[in-house]
Amino acid sequence: MRWEDFKASLSDFWFEFRREKSGIVGMVILIFFIVLAVFAPYIAPADASAHWRDVPYWQNLPRAVPPAWTNVFSTKKKPPHLILQPASTDVRQMGQITENTFVFEYDFTYDDYPTDLMLLISANVTDPAKPPTLVLTVTRPDGTTVDLVSTKLAGSGVGEQRLLISSLKDFKARLVGFAREYENPEVASTLEYQLIDPMRILFSEAKEGIMTAKGAVPLKGKYVFTAKVYTFNPADEISEPKLVMAGKVYGLLGTDTLRRDLFSGLVWGTRVSLAVGIVSSVLTTLIGVVYGVASAYFGGWTDEAMQRVAEIVASIPVLPLLIIIFEFYKPTIWPVIILMTLFSWPGTNKVVRSMGFQLKEMQYVEAARALGAGGRWIILRHMMPQILPYVFASIALGVPGYVLLEAGLSFLGLGDVSRVTWGQILHDAQGSAAALNGMWWWVVPPGLAIAMLGLSFALLGSALNKILSPKMRTL
Amino acid sequence: MGYGRYIVVRVLNALLVLVIAVFLVSLIFSSVADRELRAQIEEQIAAQMKNPELLKIFSVNKTARDIWYQTQKEILYKRYGLDKPLLQRVMSRAIDQLKLDMGKSHTLRSATGSSDVSRIILEALPRTILLFTTATIIVTIIGLILGLKAAQRAGSMLDKSLSIFALITYSFPMWWVGMLAIIVFSYYLDLLPSGGMTSIPPPEGTLERVADIIYHMILPVSTAVLVSFGGWAYTARSVVLSQFQEDYVMAARAKGVPERKVLYKHVLRAAAPPIVTMMVFGLLGSLGGAMISEIVFNWPGMGRLYWIALQEHDVPVLLGNTTFSIILYLASLVIMDLIYGLLDPRVKVGAQVAV
Amino acid sequence: MPLLEVRNLKAYYLTSRGPVKAVDNVSFDLERGESLGLAGESGCGKSTLGFALINLLPPPGKIVDGSIKIDGIEVVGKPDEELRREVRWKKISMIFQGAMNALNPVLTIGDQLSEPLIYHQGVSKEEATERVKEHLELVGLDPDIYKRYPHELSGGMKQRAVIAMALLEHPDVIIADEPTTALDVIVQAQILNLLKSLKKKLNLSIIFISHDLAVISEIADRLAIMYAGEIVEIGPSENLYLNPRHPYTQKLLGAIPRLKKKVERLEFIPGAPPNLIHPPSGCRFHPRCPYRFEPCDKEEPPFIEVEPGHYVRCHLFAKR
């Protein structure tokens with residue numbers, strides 16, 4: 001094929017393709033996913049995929065909360081995730097002891113309570129035996145002041161520490177003590193301690209009902225948190241304190257029970273699904289085409305034997321075998337791709353072979369052979385150009401199957417564990433009974449992504465088929 | 001060739017594939033498992049050597065310790081078959097699997113309390129078949145009816161929406177749709193049970209029990225049907241449509257055969273064998289999806305067994321389940337082949353007799 | 001009154017790029033016991049004409065104008081159900097290319113042949129079987145074949161079965177559409193001989209469609225030559241064959257080798273058959289015609305009777 005001919009047929013193709021609405025839709029969806037995959041490090045944290053299984057990495061986020069935009073649809077405003085910087089800082093030297101005072105102001109205007117309270121702080125401690133002490137108090141809008149916690153920071157090392165204040169026993173005990181002054185004693189005595197939410201007490205009106213989920217009324221207004229950190233060595237340094245109000249909603253897609261940002265997972269998962277889908281489909285189709293053409297070209301006994309082998313491979317059940325291989329070898333992404341293609345080429349082979357047989361009977365192929373053309377020449381020059389259009393459609397139509405297969409294996413907890421995939425997100429969702437607990441934001445997006453990515457290729461493939469198949473009929 | 005010989009060939013073919021697949025599984029397993037087994041044996045011997053009596057002897061006599069270690073190792077290697085060459089072990093493992101002699105589970109028990117792997121799986125197998133067959137039958141009926149209607153009115157709204165629906169569901173993971181169904185119908189609407197095969201405790205009386213199982217099947221079966229029927233209908237439509245373009249349809253119409261008869265007698269009969277062929281792969285593809293869906297619906301079949309075995313790393317169950325899955329898959333394949341043979345006279349009656 | 005009377009028939013394929021005028025303004029008659037050969041290059045509309053005659057154009061084909069009268073009954077515009085019950089196979093039947101796909105592969109020969117009898121005449125299954133067996137014998141087949149499936153028969157046997165099928169209800173008109181094309185030469189001759197003898201024996205009226213003039217001239221009493229959807233020449237076989245008038249017919253006949261005449265060289269017709277969406281103006285053959293002159297690309301030539309019963313549509317023969 002000359003270059004001009006190629007250009008002409010390409011522009012021909014584009015002309016026809018533009019008229020296939022479904023193909024255009026598929027193209028648009030696909031481009032969206034490609035953009036997500038390529039720009040993943042800019043759209044989401046660059047190290048999110050590598051740290052997907054690193055639990056501490058995600059600890060600053062709220063646990064299992066829906067996306068922030070759900071507030072738009074809800075009459076009950078839920079608190080978003082907020083990281084508060086100190087409104088004022090003060091340092092006082094008292095002999096050997098240094099008192100660092102940080103004041104945080106929190107405007108609480110919501111109808112629901114934050115899920116957690118965390119303090120992030122960098123402490124440079126010289127003597128591990130003398131760790132700094134933290135005292136946290138709050139002044140509520142109603143003027144009451146509550147001592148929330150007094151605890152020791154970690155004593156060794158440099159760098160950021162994270163204190164999950166709302167899970168400290170001390171914190172809960174003090175708030176329950178505060179609430180008892182207002183709650184009906186009968187109610188208070190029958191309550192199960194486990195079920196009392198200290199965060200609710202902290203942000204509720206000080207009156208009867210404060211201890212129960214039903215009775216509590218959010219107290220709106222400005223909360224002033226005062227964190228005093230005492231260090232016992234003048235060389236110790238305390239810096240960058242931040243108070244985290246873990247929201248009831250978070251980000252674009254919410255978080256899972258391990259506090260992971262699902263949006264990051266979704267964005268990074270695009271890479272795996274796209275790569276697995278496309279590379280597997282291209283490989284399978286290529287193997288199938290080469291095998292099918294060779295089988296048709298040689299014909300006779302060779303063909304017979306090759307097709308018997310193909311038939312056996314075709315009837316080997318892929319999923320159970322892959323489960324066993326994956327469980328025992330724990331492959332990373334590239335072996336995953338190769339293993340998946342290993343069992344799926346016979347379909348393409350079958351179609352290509354029958355096309356090859358048709359082509360072989362064509363007079364121009366016979367003529368070429370009569371003129372003494374060699375096998376490779378005939379295959380490359382006469383058979384391949386006719387088969388090529390089919391190849392493109394077949395690659396596109398093959399992708400959804402591999403995306404599904406990879407997702408299925410990931411869902412079973414198999415596959416590459418060194419990076420995040422959509423199937424893994426759903427695996428974790430299943431493991432945490434997300435569906436049973438109505439955590440739709442955890443379940444819907446990854447599955448939808450799988451379906452949409454598959455759909456884009458299915459649309460593209462069927463459009464390609466429509467455009468290219470009339471040309472097949474001219475064979 | 002004749003139908004009898006056709007059946008024999010198909011069954012032999014399936015058996016050959018079974019043997020190859022099980023051999024492959026055994027090979028994969030043995031190459032990894034032997035390493036683990038050796039490590040376990042080392043551990044076991046090390047644990048035994050902590051026996052104070054033995055330690056007393058060993059502290060006096062160092063060579064006795066080595067000899068004891070060697071003999072223990074040999075005994076255990078022999079017991080676990082590690083003294084034989086790899087290929088032989090793979091063979092005997094494959095044969096054991098084919099004889100359904102699959103060893104004992106570490107973690108699971110059957111309803112009767114047996115830890116025998118084949119017992120455990122044989123309990124799960126019928127449940128998978130029940131769910132899968134029910135879904136398949138419903139999908140086939142809906143798919144055929146819709147496919148026919150769409151082919152009759154090619155280009156109509158029905159036809160177009162069916163094509164779009166088929167394209168969309170083509171790439172839906174069945175198990176994910178199951179999770180959505182649970183969120184909608186169990187969590188939000190609270191209409192249907194989210195999982196399991198029976199209520200706990202199961203109701204008294206046979207009829208009540210059957211009704212209870214059907215009640216629990218609604219969600220998983222509907223999910224499978226929803227995801228699959230579009231594709232089936234689309235396949236049926238394409239095959240029927242291509243039959244409509246055949247000359248014999250024109251001939252039948254020219255002969256004055258009523259349109260209904262053209263459709264049901266000529267087109268449908270002729271379309272049946274290619275429909276069966278095209279659906280074999282769809283069906284076997286959805287078997288995998290259906291087994292994964294069992295996990296979502298907590299349906300106590302082979303799919304959920306996979307989930308548990310994978311979580312617990314229960315290797316004998318994993319291997320046995322794989323063998324049974326292969327058998328189930330190939331059995332479905334043979335059944336489809338048999339149906340195909342009945343539908344296509346070229347198989348049923350045999351090839352050309354006279355020219 | 002002729003048995004079949006076709007007047008100004010127009011059958012178009014209504015495609016998105018515009019109507020393909022596959023049959024445009026065709027008129028001819030067929031007498032009882034007569035056989036008319038219909039010849040032309042592939043794509044000239046002869047098969048479309050055949051399907052239009054039994055009113056079974058595959059979509060998007062449609063008869064847009066004209067009239068077809070079979071035994072005095074107008075069939076254009078008749079509702080499909082009436083056509084099915086009263087006309088098809090009773091008045092007019094068709095011999096398809098049997099070696100191709102005219103027989104349903106999953107039904108037995110007997111089943112398919114007895115259908116018209118059962119659906120049209122309400123004959124019992126046993127009686128239908130008897131009649132099918134008779135007709136199978138008539139076309140030289142073993143009557144036991146009625147139990148067989150199509151794939152069990154050879155191409156020639158299938159073609160005979162298809163012929164038997166066309167004869168079942170003794171229709172007035174039989175259309176034979178390329179009945180021998182897919183067969184090898186010896187079988188082709190056998191089938192032609194069979195058709196000839198049946199025609200004589202049963203006094204059949206046949207429209208014989210083929211691209212192969214040599215085959216047609218064997219069986220046809222009269223010949224019609226089609227070009228680009230129109231009949232360009234029609235007349236008694238002998239006259240037309242030995243003394244073709246239309247330049248296209250001359251070229252067409254020149255393009256087949258003959259036994260009796262010494263052949264200098266085989267002619268071929270330069271150019272390709274015209275686009276039927278936008279056929280050439282005036283005479284449709286003029287772009288390929290070696291004799292074209294002034295009026296050819298402007299005026300459509302009328303039919304001119306050059307000798308009794310022999311008509312030509314060509315400006316060369318206009319009496320000016």
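Nothing here was measured: the structure is a model prediction, and the numbers come from that model.

**As for the interface of chain B and chain C**
Phase 1: Every contact between the two is made by 27 residues of chain B and, on the other side, 30 residues of chain C.
Phase 2: For the pair chain B and chain C, the two sides together bury roughly 2,600 Å², of which 64% comes from carbon and sulfur.
Phase 3: The partner of B:Lys265 in a salt bridge is C:Asp111, with the nearest N and O atoms 3.2 Å apart.
Phase 4: Where chain B meets chain C, there are 7 residue pairs in polar contact (both at pLDDT 80 or more).
Phase 5: Each residue belonging to the side of chain B that touches chain C can be placed in one class, and the counts come to 14 nonpolar, 4 polar and 9 charged.

**Observations regarding the packing of helix 10 (residues 259-296) of chain B against helix 12 (residues 315-343) of chain B**
Residues and elements named next belong to chain B.
Phase 1: At a minimum axis distance of 10 Å, the contact between helix 10 and helix 12 shows a crossing angle of 165°. In terms of orientation, helix 10 lies roughly antiparallel with respect to helix 12. Crossing of helix 10 over helix 12 shows right-handed handedness. Listed contacts from helix 12 to Ala272, Pro273, Val276, Thr277, Met279, Val280, Leu283, Leu284, Leu287 and Met291 of helix 10 are Ser325, Leu328, Tyr329, Ser332, Leu333, Met336, Ile339, Tyr340 and Leu343.
Phase 2: Looking at side-chain class alone, the contact of helix 10 with helix 12 contains 16 nonpolar, 3 polar and no charged residues.

**Some words on the sheet that holds strand 6 (residues 92-95) of chain C**
Residues and elements named next belong to chain C.
Phase 1: Taken together, 8 strands build an open sheet; the order of strands is 6-7-8-3-9-10-12-11 and the sheet is mixed. Every other strand in the sheet has two partners, leaving strand 6 and strand 11 (303-307) as the edge strands with one partner each. Sheet twist, expressed as the mean angle between neighbouring strand axes with direction ignored, is 20°.
Phase 2: Here strand 6 runs beside strand 7 (residues 173-177); their pairing, made up of 4 bridges, is parallel.

**Notes on the pattern of salt bridges**
Residue and element names in this part refer to chain C.
Phase 1: Applying the stated rule across the entire model yields 42 salt bridges over all chains.
Phase 2: Close ionic contact of lysine 78 with glutamate 86 constitutes a salt bridge, the shortest N to O distance being 3.7 Å.
Phase 3: Owing to a relative accessible area of 38%, glutamate 86 belongs among the partly exposed residues under this scheme.
Phase 4: Here glutamate 81 makes a salt bridge to arginine 84, at a shortest N to O gap of 2.8 Å. In this pair, glutamate 81 and arginine 84 are both assigned in helix 2 (residues 80-87), 3 residues apart and thus about one turn of the helix distant.

**Brief notes about the environment of B:Val227**
Phase 1: Assignment of secondary structure puts B:Val227 in helix 8 (residues 206-244).
Phase 2: For B:Val227 and B:Ala166, which are 61 residues apart along the polypeptide, the C-alpha to C-alpha distance reads 8.6 Å.

**Details of the interface of chain A and chain B**
Phase 1: In this complex, chain A contributes 46 residues to the contact, which on the side of chain B involves 45 residues.
Phase 2: Among the residues chain A hides against chain B, the three largest losses belong to A:Ile324, A:Phe328 and A:Phe411. Together they make up 14% of the total.
Phase 3: Applying the counting rule to chain A against chain B returns 1 salt bridge.
Phase 4: There are 8 residue pairs in polar contact (both at pLDDT 80 or more) connecting chain A and chain B.
Phase 5: Sorting the residues of the side of chain A that touches chain B by element identifies helix 8 (300-315), helix 9 (318-329), helix 13 (375-411), helix 14 (422-431) and helix 15 (440-473) of chain A as the ones contributing at least two each.

**Considering the arrangement of the chains**
Phase 1: For this structure, the chain pair with the highest number of contacts among 2 pairs of chains in contact is chains A and B.
Phase 2: These two, chain A and chain C, are apart from each other, with no contact and a minimum C-alpha gap of 14 Å.

**Some details on the nonpolar core**
Phase 1: If you look at the biggest cluster of nonpolar residues, it comprises 164 residues, and the most contacted ones within it are A:Leu409 and B:Trp175.
Phase 2: Excluding its chain neighbours within four sequence positions, the residues that come into contact with B:Trp175 are A:Ala407, A:Gly408, A:Phe411, A:Leu426, A:Ile450, B:Gly289, B:Ile292, B:Ser293 and B:Val296.
Phase 3: In this structure, C:Val23, C:Cys44, C:Met165 and C:Ala220 belong to the second largest nonpolar core, which totals 99 residues.

**Describing the confidence of the model for chain C**
One rule of thumb: low pLDDT means the predicted coordinates there are not for detailed reading.
Phase 1: Looking at chain C as a whole, its pLDDT mean stands at 84, while 92% of the residues score no less than 70.
Phase 2: With pTM at 0.81, the complex prediction returns an ipTM value of 0.85.

**Notes on the packing of aromatic side chains**
Phase 1: In total, this model carries 30 aromatic pairs over all chains according to the counting rule given.
Phase 2: For the ring pair C:Phe303 and C:Tyr311, a centre distance of 6.3 Å and an interplane angle of 80° mean the geometry is edge-to-face.
Phase 3: Given the relative accessible area of 34%, C:Phe303 is considered partly exposed.
Phase 4: For C:Tyr311, a relative accessible area of 31% translates into the label partly exposed.
Phase 5: One aromatic cluster is present, built from ring pairs that chain together A:Tyr106, A:Phe108, A:Tyr110, A:Tyr113, A:Phe203 and A:Tyr223.
Phase 6: When the ring centre of A:Tyr193 is taken as reference, the NZ or CZ atom of A:Lys172 above it lies at 4.6 Å.
Phase 7: For the cation-ring pair, C:Arg313 lies above C:Phe303, with the distance from its terminal atom to the ring centre recorded as 4.8 Å.

Rules and cut-offs
- Residues numbered from 1 in each chain as written.
- Chains lettered and ligands numbered in written order.
- Predicted model: local features only at pLDDT ≥ 70, side-chain atom pairs only at ≥ 80, totals over all residues.
- Heavy atoms only, no water.
- Contact = heavy atoms within 4.5 Å.
- Buried area = accessible area lost by both parts, 1.4 Å probe.
- Salt bridge = Lys/Arg side-chain N within 4 Å of Asp/Glu carboxyl O.
- Polar contact = N/O pair within 3.5 Å; in protein donor to acceptor, adjacent residues only side chain to side chain.
- Nonpolar A, V, L, I, M, F, W, Y, C, P; charged D, E, K, R; others polar.
- Axes fitted to C-alpha atoms, helices over the stretch in contact; angles between N-to-C directions.
- Helix = DSSP H or I, 4+ residues; strand = E, 2+ residues; numbered from the N terminus.
- Parallel < 35°, antiparallel > 145°, perpendicular 65-115°, else oblique.
- Left-handed = near helix turned anticlockwise from the far one by under 90°.
- Pairing = 2+ DSSP bridges.
- Buried < 20%, exposed > 50% of the residue type's maximum accessible area, 1.4 Å probe, protein only.
- Core = buried A, V, L, I, M, F, W, Y, C linked by side-chain atoms within 4.5 Å.
- pLDDT = per-residue confidence, 0-100.
- Phe/Tyr/Trp six-rings, centres within 6.5 Å; stacked < 30°, edge-to-face > 60°.
- Lys NZ or Arg CZ within 6 Å of the ring centre and 35° of its normal.

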